[in-house]
Amino acid sequence: MTSTTYTLAWRNIWRHPRRTLLTISAMVFADVLLVFMLGLQLGQYRMMIDNSLALVSGQMQVQVAGYLDDPQMYRSIPEADQLAVQIRKTIDLEAVSPRAYGFALVSSEKRTLGVQISGVEPYYEQLISTIPGLISSGRYLSSASANEAVIGSTLARNLKLAAGDELTLLGSGRDGSMAAAVLPVVGIFNTGNRDIDRQIIAIPLNSFRQIFSMGNDAHSIIIGGQRDREEQYKKAISTLIKDRDKLVLLDWETLLPGLKQVIEADFFSAWFMYAVLIILVAFSMLNTILMSVLERTHEFGILLALGVRHSKLGRIILTESTLLALTGMVIGIVAGSLLTFYFSKTGISYPGMEEMSARFNLPPLILPEVSLRTVIPGPLAVFLASVLSSLYPIWHMRKLNPVQAMQAA
Amino acid sequence: MISRIAWRNLWRNRRRSIIMLSAISLGIWGMIWMTALMRGMVDQMIDSSIETLSGHIQIHAPGYMDDPSIEYLLPPLNKSPALQKLLASDEVVAWSERIRVPAVIRSERDVYAVTLVGIDPARERGLSFIAESITQGSYLSSVNDNRLLLGKKLVERLETRLNRRVVLMSQDPDNNITERGFRIGGIFETSLQATETAYVFAGIETVRELLKSGPGVSEISLLGQDYRNLDSLLEKTRSAASYADVQTWLQLDPYLGSLLGVMDGFVLIWFIVIFLALSFGLVNTLMMAVFERTREIGLIQALGMKPSYILLMILIESIAMLLIGLTAGNVLSWLTILPLKNGIDVSAVASGLEWAGMSSTLVPAVKTYDVVLANAVVLVLGLLASLFPAWRASRKVPIEAITRVWQ
């Protein structure tokens, strides 16, 4: 395109400064909103994922194939501590912890309930899970071989237990033998997640192995650490367990399928909103370009009579709308990023969020994300929709006849 | 006369007006649709929560909510005639008594913790999901039926089958372990997997026998006429059962309650956002309409028309545009939502929604309140937005306006 096209187009845009400014404002408004909302959404998702993973599941887990679907006690990883040490060395990460799970009838003085028991390594557990930090009374487990237990707050209430009381476990071990123990409750944790507070008793891993005749086995090796290094961990661990029979590496999407799908569903419904918004802005753009074309009918007639081709006129109009949309997009991206960046430092909370955050285990403050993937898609969509919407006025121009056009007022 | 001028002005530039009208219609369509979808989602979560045993109102013995054991029982109904009378009245659509205690279920292969619910099969029909969800075997026939109803997922986890035996273990009122073998008489399937693994149902008398408990019950669940409007029923239930702990579904599930609140706020914000996107176009269109008529406005002003009439004229133009756009938008929403009143299949994205308490068909719920609010927001704010161009038009000085060819 020649520079005259640009010059003409740019001058044409500013013939009606007020109209142009309003149109650009519409785009900037939509851009800022989209950048902010997308940043907020992704920030919220990341928080949901991080917090859910930090509670129990970790980033990924090594298990015996089939254990996830049907957690039978005999599906255990032999020599799990050794494997955990190997994984720690391979990926250079401390936060790798073996766990074992079993089911037992748990009795206090007054009550008996069926509960899942986890055997954990207290030192490594606190690197992976937030539960050790959420003790509301008493303390967390002291060592891997101590004879003690920590339990969820709802469970403690239902069992009528306080820190310091004793509980009795009665279940069956890995080999089918009787598993029984009496353990003092040293601490009670309160995560705010009602399922976890109601369902979990944690005891030290070695005690668990003794009680449930587990030898040196565990049911799962949990890997914590940063989510951005997920791929790297995956590769290293997969190679490591390749020659170990029947072991599989499960990522968080497999461990918590519900979480991923909630996010997808939310993302999907959000795009419906965004689409409506983008189309509305495109209408605004369409109107502006159409007006500017219609009011110049006379002028276009003269240009045509002077020998300017229809295609050149079309290019000028397309350039006008592109420049207009581009200006809107640039301002929108800058303004949107600035606004979102500000809130990514201060955090956002809205009323009524507390119960929701408790249910999904979120902190009540959201930090929106500012990155290429939150800043670009929205404004780009607005830009494309705006340029597309200018095609109608151009198409309308296509059959303009110089004589008739010059007669127009 | 002014309205006639305004009406004709509106159609001077037909294409421009039609684009603006389309934008308004689309805006209102988006508002109504989005809220209908979201309300549909929340309604579904509420329905499934109410169906999954919560009912509209639940009555428990004091202490049961904190410690759901067989120790806390409500006295039998025949000891409280006031409550009996209320339950028989028109205000209560359905009600049932239940015994609900934690238990452990064991097959040959595995053990799980569940909630054992003793029900009155006849009363439970129409109150909760159980009767309609049986996919294998049959529903319980009486309060003495000594078969169990299990969820499909639980049956799979226990590696057992219909008609096999399982052992249930629980605690009697003296805190002794009590256990008994039962045959699986029916298997139920629900949209929520958690429900399938959480509950085991049996006849209420059978459960009494197992638990060696007296004639009391753990809870009475009842349905009123309308779940949104339970205040008076709650009041009456509280006074009829003053000895008990009475709660509505909202109090039983504070998460759903807060979700309703967040929804209302969100709907309003969404309306305003859409409106703002719309308003740029609206102001622009009116502005253009005023600018291109600068000469003409100056002329009619010079001919003696009062500025306030010009203001009025532009406002009427804007109202006409808004009203036509709104009408079209509402009709469009109605036409597009009507064919979907049986629900939209969202199973592609729905297994995650299950986690949040929803099933895979989404029925859009159009609420009068939302529609009225959407229209009101557009109309009122639309008028406010057109005040500026109208005010500018009325402030033109006649001579300047006539002599100026363009702006």
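If you're wondering where the values come from, they're calculated on a predicted model, not measured in any experiment.

Enquirer: How should I be thinking about the overall build of chain A in this particular structure?
Expert: Secondary structure summary: chain A contains 17 helices and ten strands in total. Overall, chain A is about 100 × 50 × 30 Å in size when its C-alpha atoms are taken along their principal axes. Expressed as a percentage of the 409 residues in chain A, the buried residues total 54%. Sequence separation of 24 or more characterises 78% of the internal contacts of chain A that already satisfy a separation of 6 or more. By element, 59% of the accessible surface of chain A is carried by carbon and sulfur atoms, the whole surface being about 17,800 Å². Across chain A, 35 positive and 33 negative side-chain charges occur, with their mean positions spaced 12 Å apart.

Enquirer: When you look at the confidence of the model for chain A in this model, what are you seeing that I'm missing?
Expert: For residues with low pLDDT, the predicted coordinates do not support detailed interpretation. Across chain A, pLDDT averages 86, with 95% of residues at or above 70. The least confident element of chain A is helix 13 (residues 353–359) of chain A, whose mean pLDDT is 60; the most confident is strand 5 (residues 149–152) of chain A, at 94.

Enquirer: I would appreciate a short explanation of unusual backbone geometry in the present structure.
Expert: Leave glycine aside and you will find that most residues have negative phi; peptide bonds, for their part, are mostly trans. Positive phi values are uncommon outside glycine, yet Asp92 of chain A reaches one of about 55°. Along the chain, the position of Asp92 of chain A falls in the loop between helix 3 (80–91) and strand 2 (96–107). Although it is not a glycine, Lys212 of chain B adopts a positive phi angle of roughly 50°. Inspection of the secondary structure puts Lys212 of chain B in the loop between helix 7 (204–211) and strand 9 (219–223). Residue Lys212 of chain B is classed as exposed on the basis of its relative accessible area of 53%.

Enquirer: Sorry if this is basic, but what is going on with the domain arrangement of chain A here?
Expert: Put simply, an interface is often sized by how much accessible area is lost when its parts join up. Splitting chain A by domain gives domain 1 (3–53 + 259–406) and domain 2 (100–216). One C-alpha centre belongs to domain 1 of chain A, the other to domain 2 of chain A, and the line joining them spans 55 Å.

Enquirer: What am I meant to see in helix 8 (residues 230–241) of chain A here?
Expert: Along an α-helix, a turn takes 3.6 residues, which lines up residues three or four apart on a common side. Residue and element names in this part refer to chain A. The terminal C-alpha atoms of helix 8, which comprises twelve residues, lie 16 Å apart, in line with the 16 Å expected from a rise of 1.5 Å per residue. When helix 8 is considered as a whole, its buried residues turn out to be Glu230, Tyr233, Ile237 and Ile241. Looking straight down helix 8, one finds that the buried residues subtend no more than 65° of arc, so they occupy a single side. For helix 8, the exposed residues lying more than 90 degrees away from the buried face are Glu231 and Lys235. In the core, the buried residues of helix 8 are packed alongside strand 1 (60–64), helix 3, strand 9 (220–223), strand 10 (247–251) and helix 9 (252–255).

Rules of the game
Residues numbered from 1 in each chain as written. Chains lettered and ligands numbered in written order. Predicted model: local features only at pLDDT ≥ 70, side-chain atom pairs only at ≥ 80, totals over all residues. Heavy atoms only, no water. Helix = DSSP H or I, 4+ residues; strand = E, 2+ residues; numbered from the N terminus. Buried < 20%, exposed > 50% of the residue type's maximum accessible area, 1.4 Å probe, protein only. Contact = heavy atoms within 4.5 Å. Areas by Shrake-Rupley, 256 points an atom, 1.4 Å probe, with all protein chains shown as cover. Lys, Arg positive; Asp, Glu negative; His and termini not counted. Charge placed at Lys NZ, Arg CZ, Asp CG, Glu CD. pLDDT = per-residue confidence, 0-100. Domains from an automatic or database assignment. Expected span 1.5 Å × (residues − 1). Arc of directions from axis to C-beta.

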